[in-house]
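Coordinate analysis (summary)
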Protein chains: 2
Amino acid sequence: MAKIKVVEGVLKANDAIAESNARRLAEHGVRAFNLISSPGAGKTTLLEHTLEHYTRPRRNGANRFTSRASGWRIGVIEGDVATSRDAERIETFGVPVVQINTRGGCHLDANMVARALDELPLDELDALFIENVGNLVCPVGYQLGEEAVVAVLSIAEGQDKPAKYPALFRRAAVMVLNKLDLVPHCDVDVDALVEETRKVNAQLEIIHASCRTGDGLDAWYAWLDKRLGTREA
Amino acid sequence: MAKIKVVEGVLKANDAIAESNARRLAEHGVRAFNLISSPGAGKTTLLEHTLEHYTRPRRNGANRFTSRASGWRIGVIEGDVATSRDAERIETFGVPVVQINTRGGCHLDANMVARALDELPLDELDALFIENVGNLVCPVGYQLGEEAVVAVLSIAEGQDKPAKYPALFRRAAVMVLNKLDLVPHCDVDVDALVEETRKVNAQLEIIHASCRTGDGLDAWYAWLDKRLGTREA
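These notes cover the structure that comes with them.

Reading the values: the criteria
- Residues numbered from 1 in each chain as written.
- Chains lettered and ligands numbered in written order.
- Predicted model: local features only at pLDDT ≥ 70, side-chain atom pairs only at ≥ 80, totals over all residues.
- Heavy atoms only, no water.
- Least-squares fit on C-alpha atoms with pLDDT ≥ 70 in both.
- Salt bridge = Lys/Arg side-chain N within 4 Å of Asp/Glu carboxyl O.
- Helix = DSSP H or I, 4+ residues; strand = E, 2+ residues; numbered from the N terminus.
- Buried < 20%, exposed > 50% of the residue type's maximum accessible area, 1.4 Å probe, protein only.
- Contact = heavy atoms within 4.5 Å.
- Buried area = accessible area lost by both parts, 1.4 Å probe.
- Polar contact = N/O pair within 3.5 Å; in protein donor to acceptor, adjacent residues only side chain to side chain.
- Nonpolar A, V, L, I, M, F, W, Y, C, P; charged D, E, K, R; others polar.
- Phe/Tyr/Trp six-rings, centres within 6.5 Å; stacked < 30°, edge-to-face > 60°.
- Pairing = 2+ DSSP bridges.
- Axes fitted to C-alpha atoms, helices over the stretch in contact; angles between N-to-C directions.

**Brief notes about the relation of the copies chain A and chain B**
For the pair chain A and chain B, the superposition axis carries a translation of 0.0 Å, the fit reaches an RMSD of 0.0 Å, and the rotation angle comes to 180°. Expressed as an axis order, the relation between the two copies is that of a two-fold axis.

In structure tokens form, the structure reads like this:
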């Protein structure tokens, strides 16, 4: 019983900090997206494509984070149990990035994100992508201050994941169904997967994509444009 | 500070129950293997192959769990956040199986396994496979009473996982590197993956396999035979 009370307390404390993060982001006009998936589903590669699409090389130091496609300025928080590899991949795009190492922890929490926000030039950003620790279970329970959760699912994980790990797919606003180039080489039924996902969350937007080939990512950019385009000044 | 103390308490309580599970399994001559991986890495398919290899159809109710290959009698505990799908897949082999649903929980703990052991005919078993919740982080911290941890890694997750999630690969006795049939279709360097894994754990036995084609599984059966063959009567 005492154990359960503590866990509730931790989650309540987390939610309070998440609300504070959300207020702080809103004050700076930054929209945050919390990317959650299994390890190796393709979150970082999705971000690399997204940065390639939206950012342009810095020119004489001016407007260095400005989006090529729409003017969006993007920052990234990378969450990992260990290593700074993902942040190093993101850094090559010249966008502000902070790596959080959880040192064994299975998810990001709002307090970690609050400290990462201290390191980011929030006044220079419109969008913030927070790449969570690769884990289909634990990150779902922790609000970070994001305005939307983005689920990424690799088709190579099999078609039963939305039914077996329903919480993420209930909470997400959009799912990028990734690695569809592998369908001919996997025993998986994409239609059945989509049908099962719809049973878990009928409102979930599902984007069919391959981050390896780039196929389908236009729908992802369109989703982001719609989401970012509705920003209330 | 109080929070950390509680977590330590939970882990200590878990370890005490795990030791009790281990004693109980030893008394019945059962060797337990704790299978840990990301969601969709192929744990259940590996078990299906293993049961296909070791068990034979029941004949007149006699010796119904007897191994075809070596006389080993096998039972299974399936851990999932939701659904009993994996247990249903295992049940078709006619072996004793118990499904644990964690209802949102991110790992099996020793107490869940203790209750599952109550439901298994331990006197009729030689080996017990415990398929953990698909999660590369949390299950690693919880002893269940197993004699060895088996890591399963899908090559489709990319080559950086042992470096980014080192705890599992440190604790495991063997790693089944699965889905190698996908190598021609993924941007992954298997040699680099093996080298990185060796840096995390030089003693880890690495088995190259494809559970889709069955390639390489002879090395897995050989590892199991060696492990089970050394049983002290």
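**Here we look at the pattern of salt bridges**
Residue and element names in this part refer to chain A. Following the criterion strictly, the structure yields 28 salt bridges over all chains and no others. For aspartate 86, the salt bridge goes to arginine 89, with nearest N and O atoms at 3.9 Å. A residue pair is termed a helical-turn pair when its members lie 3 or 4 positions apart in one helix, as aspartate 86 and arginine 89 do in helix α3 (residues 85-91) at three residues. The class of arginine 89 is partly exposed, set by a relative accessible area of 29%.

**A closer look at the interface of chain A and chain B**
On the side of chain B, 38 residues touch chain A, which itself brings 39 residues to the contact. Buried area between chain A and chain B, both sides added, is near 2,900 Å², and the carbon and sulfur share of it is 56%. Ranking the residues of chain A by area buried against chain B places A:Pro39, A:Lys164 and A:His185 at the top, with a combined share of 21%. Counting across the interface, chain A meets chain B through eight salt bridges. Linking chain A with chain B are 18 residue pairs in polar contact (both at pLDDT 80 or more). Looking at the side of chain A that touches chain B, the elements that each hand over two or more residues are α1 (2-27), α3 and α5 (161-164) of chain A. Residues of the side of chain A that touches chain B, tallied by class, amount to 17 nonpolar, eight polar and 14 charged.

**Observations regarding the packing of aromatic side chains**
Residues and elements named next belong to chain A. Enumeration according to the criterion identifies ten aromatic pairs over all chains in this entry. A ring pair is formed by phenylalanine 33 and tryptophan 223, whose centres lie 5.9 Å apart and whose planes are at 65°; its orientation type is edge-to-face. Taken as a pair, phenylalanine 33 in strand β1 (residues 31-36) and tryptophan 223 in helix α8 (residues 217-229) lie far apart in primary sequence, 190 residues in all. Comparing phenylalanine 33 with tryptophan 223, the two get one shared label, buried. Centroid distance tryptophan 220 to tryptophan 223: 5.8 Å. Interplanar angle 10°. Geometry classified as stacked. You can see tryptophan 220 and its partner tryptophan 223 sitting in helix α8, three residues apart, about one turn around the helix. Each member of the aromatic cluster is reached from another via a ring pair, and the members are Phe33, Phe129, Trp220 and Trp223.

**Let's talk about the sheet that holds strand β4 (residues 127-131) of chain A**
Residues and elements named next belong to chain A. Spatially, seven strands are ordered β3-β2-β4-β1-β5-β6-β7 in an open sheet, and the strand pairing comes out parallel. Every interior strand has two partners, whereas the edge strands, β3 (97-101) and β7 (205-208), have only one. Averaged over all neighbouring strand pairs, the angle between strand axes comes to 20°, with direction disregarded. The pairing of strand β6 (residues 174-178) with β7 spans four bridges and is parallel. When the bridges of β7 are listed, methionine 175 appears paired with isoleucine 206. Each of β1, β2 (74-80), β4, β5 (148-154) and β6 touches helix α2 (residues 43-54); the most contacted strand, β2, lies at about 170° to it. Its contacts with the sheet place helix α4 (residues 110-118) against β2, β3 and β4, and it is angled at close to 145° to β3.

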